[in-house]
Amino acid sequence: MIAASKSKVSPGRLLIDGRWTDGAKNFDTINPATGEVLTQIAEASGDDVDRAVGAARKAFEDRGGPWRKLSASERGRLIWLLADLVEKNIDELAEIETLDNGKPIFEARYVDMPMVVDVLRYYAGLATKIHGETVNTAEGAFTYTLREPVGVVGLIVPWNFPLLLASWKLGPALACGNTIVLKPAEQTSLSALRFGELAIEAGIPAGVLNIVTGGPSTGKAIVRHAGIDKISFTGSTLVGKEIMRGAADSLKRITLELGGKSPNIVFADSDIDNAVKGAITGIFYGKGEVCNAGSRLFVESKAQDEFMEKLLVRVKKMQPADPLDPKTRMGAIVSQEQLQTVLGYIDTGKNEGAKLLAGGNRVSVDEGKGFFIEPTIFGGVSNDMRIAQEEIFGPVLATLTFDSMDQVIDLANRNPYGLAAAVWTRDIKKAHTVSRQLKAGTVWINTYGLMDAALPFGGYKSSGFGRELGQHAIEHYTELKTVWLSL
């Protein structure tokens, strides 16, 4: 039986200028594990977005206001306090995330939410370390650079890691002294709204963090608004291209973290048992709704039989179950729409001639109406098939074979995406050689999916540009000014 929630989920409202307000209309948010309505969320109109941008602009430009008066160390203190409040309410936030997204409570509680805390604390510490430099260019001049906040930034986050990916943007944006208009995904707005309550409790001044919920029209209003100086977007490549076009007229700064079809490469000389575990984590963590999922598995031909046998034994024991059960490792697909997308790709794989080795079916959990799919593996996949080239964003693994290092590098790179990759081998020279030639923003060696707040993350090619996390994110939330003083 699907467990009942311990948290009372309140209707969602808009956070504008430090106050909660109704939107133009409301829409339902659905529990993916049951197919039932959790609550209603406010949908921001263009006028609502305009009010949010106005509040953020006033908070940024008001020279006598509380945000501009804060020193870098005081901004850092507020961000650290916000991290403390997230940690204090971590169980509630994890449950909200699971109810709204369908991910296992284990992932939300012990992976996602702790990293939100880590990210906020990292940028709380970095707030005092944002600086320019002096440059000795001429005898008769004093020249230096300044790093200044960009201004009002629009943050648009996806539904797969709702609060975690929001923190990747909120942390550096706040540390640099910007003000914010945040739009969570319409499918998963609840954790961002609870975060807004915590921001008020932490003492973030009114207008610094504004949260507007809604669908594509709300996002378009943010992108096109002349009062927003920068957009940071995480989501699909298709929408990323639309954002570039929408932001062109006002020449907004943009960073995009987009889709992926990441190659996970297993050489015969690797630790096969660990590589099997890594392959499972790479594609089935987060139900495969992960931008850097290892959805293309390349196994060296001479290790294929052993590897696939061990992989299938483990995968066939995995079954979707109640996301609120701490033992569950495969939750519910986020929505009916995404469920149909994934099932459509499974049909495409069959029609393309790939061999279905495991899964492939929608399943019912406790005879409910939730959106559950079995972990799915295809064999006999060629690199030109759609299931090997297109991002599925679900628990579907395409397995391919290779015979040489040069061949697998070519196959791995022959794809429009370049977000991440992994290499499994005991040969350290081979590991570094392959890593250098893979066109990917992150390459893991003998592991998969590990992240750290201090390490930059982002993509090559159609996976976007710019970097989240680490010190490099600061570059995207500041303007660089040169000052030349003639002596």
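A brief report on the enclosed structure follows. Counting from 1, residues in each chain are numbered in the order their sequence is written. Per-residue local features of the predicted model are confined to residues with pLDDT of at least 70, and side-chain atom pairs are confined, for both listing and counting, to 80 or more; whole-chain, interface and lining totals are unaffected and use all residues. Note: side-chain values were computed over all heavy atoms of the structure, leaving out hydrogens and water.

### Brief notes about the sheet that holds strand S6 (residues 141–149)
One requirement defines pairing of two strands: DSSP has to find at least two bridges between them. In this description a helix means any DSSP run of H or I spanning at least four residues, a strand means any run of E spanning at least two, and both kinds are numbered starting from the N terminus. Taken together, three strands build an open sheet; the order of strands is S5-S6-S24 and the sheet is antiparallel. Looking at strand neighbours, the two that pair on one side only are strand S5 (134–135) and strand S24 (478–486), the edges of this open sheet. Across two bridges, S5 lies against S6 in antiparallel orientation. Note on S6: the bridge partner recorded for Thr 134 is Tyr 144.

### Some details on the pairing of strand S13 (residues 296–300)
Burial here depends on accessible area, computed with a 1.4 Å probe over protein chains only, as a share of the maximum for the residue type. Under 20% is buried, over 50% is exposed, and the range in between is partly exposed. Of all five residues that make up S13, five are buried, and the element is covered over most of its length. Where burial is concerned, the two faces of S13 agree: the one with Arg 296, Phe 298 and Glu 300 and the one with Leu 297 and Val 299 are both buried. Of the pairings in the sheet, the one linking strand S12 (residues 263–266) to S13 comprises four bridges and is parallel in character. Bridging from a neighbouring strand, Pro 263 pairs with Arg 296 of S13. Following the chain from S12 across helix H10 (residues 272–284) to the adjacent parallel S13, one finds a crossover that is right-handed. Of the strand pairs in this sheet, S13 and strand S18 (residues 396–402) are connected by five bridges, and their pairing is parallel. Bridge pairing in S18 links Arg 296 to Ala 398. Seen with its strands pointing away from the viewer, a crossover is right-handed if its path from the first strand over the helix to the second goes clockwise.

### Section: unusual backbone geometry
If a residue is not glycine, its phi is most likely negative; likewise, a peptide bond is most likely trans. You will see that Asn 446, though not glycine, has its phi angle at about 60°, which is positive. Residue class for Asn 446 comes out partly exposed when judged on its relative accessible area of 38%. One non-glycine residue, Lys 461, lies in the positive phi region at around 50°. Within the secondary structure, Lys 461 is located in strand S22 (residues 460–461). Assessed through its relative accessible area of 39%, Lys 461 is described here as partly exposed.

### Describing helix H14 (residues 405–413)
Here H14 has its buried residues at Val 408, Ile 409, Leu 411, Ala 412 and Asn 413. On the buried face of H14, the contacting elements are S12, S13, S18, helix H15 (428–437) and S22. For this analysis, residues touch if any pair of their heavy atoms sits within 4.5 Å.

### Re the pairing of strand S4 (residues 36–43)
A regular strand carries its side chains on alternate faces of the sheet. Direction of pairing for strand S3 (residues 25–31) relative to S4: antiparallel, over a ladder of seven bridges. Each bridged residue has a counterpart across the sheet, and for Phe 27 the counterpart in S4 is Ile 41. The loop that links S3 with its antiparallel partner S4 comprises four residues; one of these, Gly 35, has a positive phi angle of about 75°.

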